[in-house]
Amino acid sequence: MTTQLDSQYRAEGLNSLGRKDIDVLVIGGGVVGAGAALDAASRGLTTVVVEARDWAAGTSSRSSKLIHGGLRYLEQLDFALVREALKERGLLLNRLAPHLVHPVSFLFPLQHHWERPYIGAGVALYDTLGGARALPMHKHLSRTRALELAPALRADAMTGAIRYFDAQVDDARHTMMLARTAAQHGATVLTRTRVTGLLREGEQVVGATVTDRETGRSYDVRARSVISATGVWTDEMNAMTGVDFPFHVRMSKGVHIMVPRARLNLGTGLIMKTEKSVLFVIPWREHWIIGTTDTDWSLDRNHPVATATDVRYILDHLNSLLREPISEDDIVGTYAGLRPLLSGASSDTSKLSREHAVAEPVPGLFVVAGGKYTTYRVMAADVVDAAVAGFGQGMAPSVTQNLPLLGAVGYHEMLDDVEGVAARAGLPVETISHLLERYGALTTELIGMIDAAPELGMPLPGASEYLGAEAVYAVTHEGALHLDDILTRRTRISIEVPDRGLTAAVAVADLVAPHLGWDEPAKAAELARYRDRVQAELAANEATDDEAANTARLVAVS
């Protein structure tokens, strides 16, 4: 049996806080914080991780959803970063999370004949830097062959192309599964618990005060080491210590749009260079994710938003390649995330480092910042290594390189027998394939729920790609506490359907209310809060500058 992050688990976890000293307290439930909790717990350390909102509520649910080395970092001659990231890509694809991380192909259109040897050499290096190959090698394509693969492209927009492979992930699900796996290894993992102060003995940090945002109750958690993995909130942690950190974090906003898969006649993803960065067109089930931008951001960290100007930038660059331009009317969803960049001398965020850093600014507090989603496991291991360095002899090294996440073991066997699994479950093959891609071998738990309550096997109204069982499972097993958690992160309904999930929200609220103890007023309040959030984001999307968009978004508090 897997550990279920349900309301009972949360209540017991909160009640355990402060009752005894622990080894490691991790602050932050993004991919690095969840990864650090798993790293520490799997070494046998008593571990607690607290997150002020929800797993991956910040940057870790708003990435390009790629597990990649970063072709553009080769151009910056950052070979070490690319090599490290490609090694991690191979681990995730083959060992750690094959159910969540999947291959994806990209076409790189060449617009000048001289680009082929230059870019081809870079892609060839990209194919080999990570060691043992996890994906097919790149191929050079003529213009005719490229157009066969991508008929949506204008013939005069390229002289040919290079096709290569990378990997993609549902970032929010992966982060949540890291937290679940940490819980399976004994960690206490808690969302909606905000750190409101650090506990000190002289200069030494010996823990933190955390407040349950659902009840307002506070707890003092004493720990031998405290790890801050707070991403773009790192400077807020700096302020809490009262000392100047050896590094600071600058925020860079990246915007993505979603369009229906049928709108672009492409048999592969695309990548193109822009004047500042790169633009991806990424296949995403029944949609394309198109982005990203790279602009400085200094406003609200919780709710970065896409402006009309951001969207226009993306459309203009993409349309320069397309036979039939896409427009704002084709967009079903947008999202914006903030990259936590280690600040340096450059004023251009696209040139700031994607390397990570670990520091102990005050005794007992270990801070990790920077980095890329793909290298989260290395970042987590590095900060835990630093945090336990003073614990004495006999400390186990990191084992996460060989530790599959929940759902990985048994996934390939179920995938190979997908028709048999479907027949035994009495469900369509397409349904089982969908569940396997999101839950891996844990699909058996959802099949059991549907077997017990067949109505849970029905698609959600307004979001037919998802089943009712998935909404309930998000609450009973995956720690979701609010509609936003379910519609935005456990599923991606809020960015995948034109009404941003408003129709689905009603059905989801009805399904999960008994499990979360919502009476009719509580359910109505949840629905109103979600509607307010959607309306605020849509209003922000109409703004042409960040300040106006930020003001419009902050009308809704969720």
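Residues numbered from 1 in each chain as written. Predicted model: local features only at pLDDT ≥ 70, side-chain atom pairs only at ≥ 80, totals over all residues. Heavy atoms only, no water.

### Considering the UniProt feature "domain: Alpha-glycerophosphate oxidase C-terminal" (unreviewed entry) in the protein
Right, so step 1: The sites that UniProt annotates as "domain: Alpha-glycerophosphate oxidase C-terminal" (unreviewed entry) are residues 398-520.
Right, so step 2: Helix makes up 59% of residues 398-520 and strand 6%, and the two end C-alpha atoms of the span are 47 Å apart. (UniProt positions renumbered as here; feature names shortened; annotations may be inferred. Helix = DSSP H or I, 4+ residues; strand = E, 2+ residues; numbered from the N terminus.)

### Some points on the environment of Ala134
Right, so step 1: Residue position: Ala134 is located in the loop between helix H5 (115-129) and strand S5 (139-142).
Right, so step 2: Looking at Ala134, the relative accessible area reads 25%, which means it is partly exposed.
Right, so step 3: Counting along the chain gives 42 residues from Ala134 to Leu92, while the straight-line C-alpha distance between them is 9.8 Å. (Buried < 20%, exposed > 50% of the residue type's maximum accessible area, 1.4 Å probe, protein only.)

### Describing the confidence of the model for the protein
Right, so step 1: Here the protein averages 94 in pLDDT, and 97% of its residues register 70 or above.
Right, so step 2: Here residues 345-353 is a poorly scored stretch, pLDDT under 50, and it has 23 contacts once near neighbours within four places are set aside; other chains count. (pLDDT = per-residue confidence, 0-100. Contact = heavy atoms within 4.5 Å.)

### Points about the packing of helix H15 (residues 468-476) against helix H18 (residues 502-516)
Right, so step 1: Where H15 meets H18, the axes come as close as 9 Å, and the angle between the chain directions of the two elements is 30°. Classified by the interaxial angle, the pair formed by H15 and H18 is roughly parallel. Read as a crossing pair, H15 and H18 show a hand that is right-handed. Along the contact surface, H15 presents Gly468, Ala471, Val472, Val475 and Thr476, while H18 presents Val508, Leu511, Val512, His515 and Leu516. (Axes fitted to C-alpha atoms, helices over the stretch in contact; angles between N-to-C directions. Parallel < 35°, antiparallel > 145°, perpendicular 65-115°, else oblique. Left-handed = near helix turned anticlockwise from the far one by under 90°.)

### Some words on the nonpolar core
Right, so step 1: Counting 73 residues, the largest nonpolar core has Val101, Val189, Ile227 and Ile432 as the members making the most contacts within it.
Right, so step 2: Looking at this core, the element that brings in the most residues is helix H2 (residues 31-42), giving eight residues.
Right, so step 3: Leave out the neighbours within four places in its chain, and Val101 touches Ile67, Leu92, Leu93, Ala167, Gln168 and Val169.
Right, so step 4: Counting residues in hydrophobic clusters, the runner-up holds 32 residues, among them Leu153, Ala161, Ala306 and Ile326. (Core = buried A, V, L, I, M, F, W, Y, C linked by side-chain atoms within 4.5 Å.)

### Observations concerning the domain arrangement of the protein
Right, so step 1: Domain annotation for the protein reports domain 1 (7-60 + 173-247 + 345-402), domain 2 (103-167 + 250-341) and domain 3 (453-556).
Right, so step 2: Centre-to-centre separation of domain 1 and domain 3, based on C-alpha positions: 28 Å.
Right, so step 3: Both sides together, the interface formed by domain 1 and domain 3 hides about 1000 Å², and carbon and sulfur atoms give 38% of it.
Right, so step 4: The interface formed by domain 1 and domain 3 holds four salt bridges in total.
Right, so step 5: Between Asp54 and Arg489 there is a salt bridge, with its nearest N and O atoms 2.7 Å apart.
Right, so step 6: For the pair domain 1 and domain 3, the interface holds eight residue pairs in polar contact (both at pLDDT 80 or more).
Right, so step 7: Among the secondary structure elements, those contributing two or more residues to the side of domain 1 that touches domain 3 are helix H1 (7-16) and helix H7 (171-184).
Right, so step 8: When residues in the side of domain 1 that touches domain 3 are grouped by element, the largest group, three residues, is from H7. (Domains from an automatic or database assignment. Buried area = accessible area lost by both parts, 1.4 Å probe. Salt bridge = Lys/Arg side-chain N within 4 Å of Asp/Glu carboxyl O. Polar contact = N/O pair within 3.5 Å; in protein donor to acceptor, adjacent residues only side chain to side chain.)

### Comments concerning the pattern of salt bridges
Right, so step 1: What the rule picks out here adds up to 39 salt bridges.
Right, so step 2: Notably, a salt bridge pairs Asp54 with Arg490, separated by 2.8 Å at the nearest N-O pair. With Asp54 in the loop between strand S2 (47-50) and strand S3 (66-67) and Arg490 in helix H16 (residues 483-490), this pair connects stretches of sequence that are 436 residues apart. The same class applies to Asp54 and to Arg490, which are both buried.

### Section: the packing of aromatic side chains
Ring pairs (aromatic) are described by centroid distance and by the angle formed between their planes.
Right, so step 1: A full pass over the atoms with the stated rule returns five aromatic pairs.
Right, so step 2: An aromatic cluster is present here, built from Phe106, Tyr126, Tyr164 and Phe280 joined pairwise through their rings.
Right, so step 3: The side chain of Arg224 reaches across the aromatic face of Phe391, ending 3.8 Å from its centre.
Right, so step 4: Sitting over the face of the ring of Trp284, Arg285 holds its NZ or CZ atom 4.7 Å from the ring centroid. (Phe/Tyr/Trp six-rings, centres within 6.5 Å; stacked < 30°, edge-to-face > 60°. Lys NZ or Arg CZ within 6 Å of the ring centre and 35° of its normal.)

### Overview of the side chain of Thr292
Right, so step 1: In this fold, Thr292 is placed in the loop between strand S14 (287-291) and strand S15 (295-297).
Right, so step 2: Judged by its relative accessible area of 9%, Thr292 falls in the buried class.
Right, so step 3: Within polar-contact distance, the side chain of Thr292 engages the backbone nitrogen of Val255 at 3.0 Å.

### Here's the deal with unusual backbone geometry
Right, so step 1: Backbone torsion omega between Gly291 and Thr292 reads 25°, so that peptide bond is classified as cis.
Right, so step 2: Even without a glycine there, the phi angle at Ala56 is positive, about 65°.
Right, so step 3: Along the chain, Ala56 turns up in the loop between S2 and S3.
Right, so step 4: At Lys65, a position not held by glycine, the phi torsion is positive, near 65°.
Right, so step 5: Tracing the backbone shows Lys65 in the loop between S2 and S3.

### Notes on helix H4 (residues 79-96)
Each α-helix winds once per 3.6 residues, and so residues spaced three or four apart point in a common direction.
Right, so step 1: A rise of 1.5 Å per residue sets the reference length of H4, with its 18 residues, at 26 Å; its end C-alpha atoms lie 24 Å apart and thus fit the reference within 8%.
Right, so step 2: Residues of H4 that are buried: Leu81, Val82, Ala85, Leu86, Glu88, Arg89, Gly90, Leu91, Leu92, Leu93 and Leu96. (Expected span 1.5 Å × (residues − 1).)

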